[in-house]
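A look at the structure
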Amino acid sequence: MLIDTHCHLFKQDYSNVEEVINHMNKNIMIVSADNLKTSYEVCKLIAKYDNVYGTIGIHPTELDEYKIDNLNEIESMILTKGIVGIGEIGLDYHYENTDKDLQKEVFISQLDLARKYKLPVVIHSRDAFNDTLEILKNYTDLKIDLHCYGYSLEAAKQFLKINPNIRFGIGGVLTFKNSRVIKEVVSELDLKYFVLETDSPYLSPEPYRGKQNEPYNVIYVAKYMAELKETSLDEIAKITSENAIKLFDLNMKK
Ligand SMILES: [Zn+2]
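Just so we're clear, the structure is a prediction, and the values are computed from it rather than from any experiment.

1. Here's the deal with the pattern of salt bridges
Using the criterion set out here, one finds 8 salt bridges in the structure. For K104, the salt bridge goes to D131, with nearest N and O atoms at 3.4 Å. Here the residue K104 occupies a position in helix α4 (residues 100–116), and D131 occupies one in helix α5 (residues 129–136), the gap between them amounting to 27 residues. Judged by relative accessible area, which is 26%, K104 ranks as partly exposed. Between D249 and K143 there is a salt bridge; the shortest N-O distance is 3.5 Å. One end of the pair, D249, is in the segment after α9 (233–248); the other, K143, is in the loop between α5 and β6 (144–146), and 106 residues separate them in sequence.

Now the structure itself:
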């Protein structure tokens, strides 16, 4: 069994979401929302499929129409069966003119929400290592998935130092020719720190780089990781699935 711990399976990107989910067979997916609208979509999807779980939340680049009341709506969905975390939330300083204060405020509010309901969080952090680390120092009680991890090995060690329950989401970027930094992270750290993801519809692994991604492709990430760690695909599937089940407290629906 493989678990794609992070994907976005919404109508805006796929003409047939059902087909994409069925292609995963009995393997498991955790669908991440990025705003209020997709949070509602996540709730619908998890009610429909036994092998689909979800996280809800507001992404740092989705704040243009943000209102404080949005968080009350997110909270109202939290107890839906199959919601296993808050995400994806975080900080993204990649673009100019970004409102860093607002990003921090919304990130912190959602971390508080996760704490209140004892839920893990799925974090997006881009070009914002220092602020992410500083904020997470106040949330060492939370279980955390640093999804699409893109910082250095040294940074990974700093995260683990403040919170040993941080896990690193590894996706298609691992298979890219020039992704030296992430290959180093995977080579050097113990397998217990990793979960697999696709971030579909983005970031397709080789040999499908540049095409639309789907959760099924998580197998190519797993295969690549097996080669890097000089172990079998079965072993990677077993350990990363155990890690994901523990991180998200997945009570198998069936
Ligand atoms: Zn994502």
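2. Observations concerning the nonpolar core
L9, L111, Y149 and F168 are the most contacted members of the largest nonpolar core, which has 76 residues in total. Setting aside residues up to four positions removed in sequence, L9 forms contacts with Y14, V17, V20, I21, M29, V31, L45, S200 and P215.

3. As for the side chain of H8
Along the chain, H8 turns up in the loop between β1 (3–7) and α1 (17–23). With near-sequence residues (within four places) excluded, H8 lies in contact with Y14, V31, S32, E88, D199, S200, P201 and Y202.

Reading the values: rules and limits
Residues numbered from 1 in each chain as written. Predicted model: local features only at pLDDT ≥ 70, side-chain atom pairs only at ≥ 80, totals over all residues. Heavy atoms only, no water. Salt bridge = Lys/Arg side-chain N within 4 Å of Asp/Glu carboxyl O. Helix = DSSP H or I, 4+ residues; strand = E, 2+ residues; numbered from the N terminus. Buried < 20%, exposed > 50% of the residue type's maximum accessible area, 1.4 Å probe, protein only. Core = buried A, V, L, I, M, F, W, Y, C linked by side-chain atoms within 4.5 Å. Contact = heavy atoms within 4.5 Å.

Any functional reading would require information beyond the geometric quantities listed.
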